[in-house]
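Residues per chain, in single letters:
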Amino acid sequence: ANPGEARRLRERACQGGIRDACVSLGVSYRDGIEGIKKNRLKAERLLRTACDAGNLRGCAELSGLVSVEAASRPDAAAQAYALSKKACDGANARGCIQVAQMMERERAGLRRSPKRQQMLYEKACSLKPGKACKELLQQLERTGLQVSSARAAQQEKACQNGQSKRCFLLGQMQATGTGLAKDSR
């Protein structure tokens, strides 16, 4: 492994228009990983470049970076929300989770809305099973809300079509009785 060469190649790819390379490099600068020293300004510049070019992961990663400054910068929470919403509207699961979490914490002038948060978690879960589905299950446990029969049927169909994580989510819901309407149990 040659971290210096890896960084140089990703920089070259980013400059050549490969926005995933900008995101990868931005995350490395943000987190100080892969032999790269933490540099918040470089991270923000790279992630913004990717986001502005339509890379939704770049928007979600940039939102996470900007939201850290919410306590010291009054506009940071609103900016983080706009970035997360852009990512979610474009079908990025992390963006949807971020918006739901902002609602939960009442950031950026948002109010808690368990039903809207559930919809965001369901969208995220349908886009990228795994963490998003776990978040959905936790949201259902916290709020006592239920997944509609139609949504449960979609989960069942996805499970039958080989999406193992959907089977796991449905199994968890069945085991705990969490989130399923009475006619889905």
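Residues numbered from 1 in each chain as written. Predicted model: local features only at pLDDT ≥ 70, side-chain atom pairs only at ≥ 80, totals over all residues. Heavy atoms only, no water.

All right, on to the pattern of salt bridges then. The final tally for this structure, using the stated rule, is 14 salt bridges. Two residues, E11 and R7, come together in a salt bridge whose shortest N-O distance is 3.4 Å. Here the residue E11 and the residue R7 both occupy positions in helix 1 (residues 3-15), the gap between them amounting to four residues, near one helical turn. Residue classification places E11 among the partly exposed residues on the basis of a relative accessible area of 26%. Where D89 meets K85, a salt bridge forms, and the shortest distance between an N and an O atom there is 2.7 Å. Placement of both D89 and K85 in helix 5 (residues 76-89) is noted, with a separation of four residues, approximately one turn of the helix. Take D89: its relative accessible area is 52%, and that puts it in the exposed class. (Salt bridge = Lys/Arg side-chain N within 4 Å of Asp/Glu carboxyl O. Helix = DSSP H or I, 4+ residues; strand = E, 2+ residues; numbered from the N terminus. Buried < 20%, exposed > 50% of the residue type's maximum accessible area, 1.4 Å probe, protein only.)

Now for the side chain of E44. Looking at the element boundaries, E44 is found in helix 3 (residues 40-52). In terms of polar contacts, E44 uses its side chain to reach the side chain of R40, at 2.5 Å. Aside from chain neighbours lying at most four places away, what touches E44 is L62 and L65. (Polar contact = N/O pair within 3.5 Å; in protein donor to acceptor, adjacent residues only side chain to side chain. Contact = heavy atoms within 4.5 Å.)

So, about the environment of L145. Positionally, L145 belongs in the loop between helix 8 (131-143) and helix 9 (149-160). In this structure L145 comes out as buried when scored by relative accessible area, which is 19%. A sequence separation of 27 residues divides L145 from Q118, and the C-alpha atoms of the two residues are 8.1 Å apart. Those residues in contact with L145 that sit more than four places away from it in its chain are P114, K115, Q118, L140 and G179.

Taking 1.5 Å per residue as the helical rise, helix 8 with its 13 residues ought to reach 18 Å, and the 18 Å between its terminal C-alpha atoms agrees with that figure. Among the residues making up helix 8, those that are buried are A132, C133, E135, L136, L137, Q139 and L140. Close packing links the buried residues of helix 8 with helix 6 (93-104), helix 7 (114-127) and helix 10 (164-176). The first or second residue beyond helix 8 is G144, which carries a positive phi of 75°. (Expected span 1.5 Å × (residues − 1).)

A separate point is the state of the cysteines. Per the counting criterion, the structure on display carries five disulfides. Two residues share a disulfide in this structure: C88 and C96, whose sulfurs sit 2.1 Å from each other. Its torsion about the S-S bond being 90°, the disulfide of C88 and C96 is classed as right-handed. Residue C88 shares its accessibility class with C96, and that shared class is buried. Note on cysteine connectivity: C125 is disulfide-linked to C133, with sulfurs 1.9 Å apart. Here the disulfide of C125 and C133 is right-handed, its torsion about the S-S bond being about 90°. Both residues of the pair, C125 and C133, count as buried. Taken N- to C-terminal, the disulfide-bonded cysteines of the protein chain are connected 1-2, 3-4, 5-6, 7-8, 9-10. (Disulfide = S-S within 2.5 Å.)

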